[in-house]
Amino acid sequence: MGPSTSAPDPRFAEIESHRPYLVRYALSQLRDGQLAEEAVQEALLAALESIGSFGGKSSLRTWLTSILRFKVVDLQRRAIAERANLAHDESEGENEGWLDELFDSTGHWREAPQAWSNPEAALEQRRFWEAFERCLDKLPQAGSRVFFKREVLGEETETICKAEGITPSNCWVILHRSRIALRACLEKNWFGKEASFG
Amino acid sequence: MADSVDCRAASRLLSVAYERPLMPEELAALQVHLDKCLMCRNFESQLKFLHQAAQKYRTQD
């Protein structure tokens, strides 16, 4: 694919539209923002070069992710020396003080979770996914990474703990916190009566 | 034990149930709480929705 190409493949824009997802995937694996961007950039370039071989058997996102995975593994190898220094950068500890912001002293919700009407319909709306991504972005970095690995990629908790250098109970705390934060963000911005994203 | 689960503890159990099986006494106490707490039932549905949305997010076109 050289600079002389006159009519760009219409799928280029489509590929580009998956960039936010791919960046999150890379961040969940690499935790270093610059490395993650680098991996995505390399993967997208590789994808553009080989788009002709994409047969549409899997979703475009799945295909792009498989290309990205190779780039990530490659960069992981290069970055592995730094891993030891990074393992504890934002360990959340056993501290559950954050729960005090969400629950009062009698253990009740400060902001009661509402009933969401027909949430499944949201999954079909492009703007819902924009809101979903914005809410993911608001999580603390460790939370966003762990939630992505556990819920989006379906990695085992044990695998996640090892990669993050944390204990299972730390991991559970981070997930608990992330889920509450996500549901609150979606309620505020999408499902709530005064939603601002939707 | 049955009375010891408040919303805070219930939300923790509902979340951790996605990572490990709950013990019978945890399940029993959680159920007692859920039966009388609409807010936590809403939270339970929302966790299910988040789980579903996250999986869909992976393969979306």
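> Please set out the overall build of chain B residue by residue, giving values where relevant.
Helix and strand counts for chain B come out as 3 helices and 0 strands. The helix and strand sequence of chain B, counted from the amino end, reads α-α-α. The C-alpha radius of gyration of chain B comes to 13 Å, more than 25% above the 10 Å expected for a compact globule of 61 residues. Projected onto the principal axes, the alpha-carbon positions of chain B cover approximately 45 × 25 × 15 Å. Pairs at least 24 apart in sequence give 70% of the contacts found in chain B among residues at least 6 apart.

> How would you summarise the overall build of chain A if you had to cite specific residues and measurements?
Across its full length, chain A carries 10 helices and 0 strands. Going from N to C terminus, chain A has its helices and strands arranged as α-α-α-α-α-α-α-α-α-α. Expressed as a percentage of its 198 residues, the buried residues of chain A come to 32%. Of the contacts formed within chain A by residues at least 6 apart in sequence, a portion of 69% connects residues at least 24 apart.

> Pulling in residues and values, what's your account of the domain arrangement of chain A?
Here the domain parsing of chain A yields domain 1 (1-86) and domain 2 (91-198). The class makeup of the residues in the side of domain 1 of chain A that touches domain 2 of chain A is 2 nonpolar, 1 polar and 2 charged.

> Outline the interface of chain A and chain B, supporting the account with residue identities and numerical values.
Contacts between chain A and chain B engage 29 residues on the former and 25 residues on the latter. Broken down by secondary-structure element, the contributors of at least two residues to the side of chain A that touches chain B are helix H4 (60-86), helix H8 (141-152) and helix H10 (168-191) of chain A. Sort the elements by how many residues they give to the side of chain A that touches chain B and H10(A) lands first, with 7 residues. Taken together, the residues that form the side of chain A that touches chain B break down as 17 nonpolar, 8 polar and 4 charged.

> Which residues make up the nonpolar core, and what values do they have?
Generally speaking, soluble globular proteins have nonpolar side chains that are buried together. A:Cys135, A:Val146, A:Cys171, A:Ile174, A:Leu175, A:Leu186 and B:Ala10 are the most contacted members of the largest nonpolar core, which has 39 residues in total. Looking at this core, the elements with two or more residues in it are helix H7 (126-138), H8 and H10 of chain A together with helix H1 (7-16), helix H2 (24-36) and helix H3 (38-59) of chain B. What B:Ala10 contacts, discounting residues up to four positions off in sequence, is B:Val5, B:Leu30, B:His33, B:Leu34, B:Cys37 and B:Cys40. With 18 residues, the next largest nonpolar core counts A:Tyr21, A:Leu27, A:Ala36 and A:Leu64 among its residues.

> Lay out the confidence of the model for chain B with the relevant residues and their values.
Residues and elements named next belong to chain B. Residues with a pLDDT of 70 or more make up 95% of chain B, whose mean pLDDT is 92. Between the elements of chain B, mean pLDDT differs from a low of 94, seen in H2, to a high of 96, seen in H3. Scoring of the predicted complex yields 0.72 for pTM and 0.94 for ipTM.

> Provide a residue-level description of unusual backbone geometry, including the pertinent values.
Even without glycine at this site, A:Asn118 takes up a positive phi of about 45°. With 7 C-beta atoms packed within 10 Å, A:Asn118 lands in the exposed category.

> So what about the environment of A:Leu30? Which residues, and what values?
As for its position among the elements, A:Leu30 is in helix H2 (residues 19-30). Taking the C-alpha atoms as reference points, A:Leu30 and A:Gln41, separated by 11 residues in sequence, lie 14 Å from one another.

> Lay out the environment of A:Ala43 with the relevant residues and their values.
With respect to the element layout, A:Ala43 can be found in helix H3 (residues 33-49). For the pair formed by A:Ala43 and A:Asp137, sequence separation is 94 residues and the distance between their alpha carbons is 22 Å.

> How would you sum up the packing of H2(A) against H3(A)? Please name residues and give values.
All names here are of chain A. For the pair H2 and H3, the least separation of the axes is 8 Å and the interaxial angle reads 130°. When the axes of H2 and H3 are compared, the pair comes out oblique. Seen along the crossing, H2 lies across H3 with a hand that is right-handed. Touching Arg19, Leu22, Val23, Ala26, Leu27 and Leu30 of H2 are Gly33, Leu35, Ala36, Glu37, Ala39, Val40, Ala43 and Leu44, all from H3. Considered class by class, the residues forming the contact of H2 with H3 number 11 nonpolar, 1 polar and 2 charged.

Thresholds applied
Residues numbered from 1 in each chain as written. Chains lettered and ligands numbered in written order. Predicted model: local features only at pLDDT ≥ 70, side-chain atom pairs only at ≥ 80, totals over all residues. Helix = DSSP H or I, 4+ residues; strand = E, 2+ residues; numbered from the N terminus. Rg over C-alpha atoms; globule rule 2.2 N^0.38 Å. Contact = placed C-beta atoms within 7 Å. Buried ≥ 20, exposed ≤ 12 C-beta atoms within 10 Å, placed from the backbone. Domains from an automatic or database assignment. Nonpolar A, V, L, I, M, F, W, Y, C, P; charged D, E, K, R; others polar. Core = buried A, V, L, I, M, F, W, Y, C linked by C-beta atoms within 7 Å. pLDDT = per-residue confidence, 0-100. Axes fitted to C-alpha atoms, helices over the stretch in contact; angles between N-to-C directions. Parallel < 35°, antiparallel > 145°, perpendicular 65-115°, else oblique. Left-handed = near helix turned anticlockwise from the far one by under 90°.

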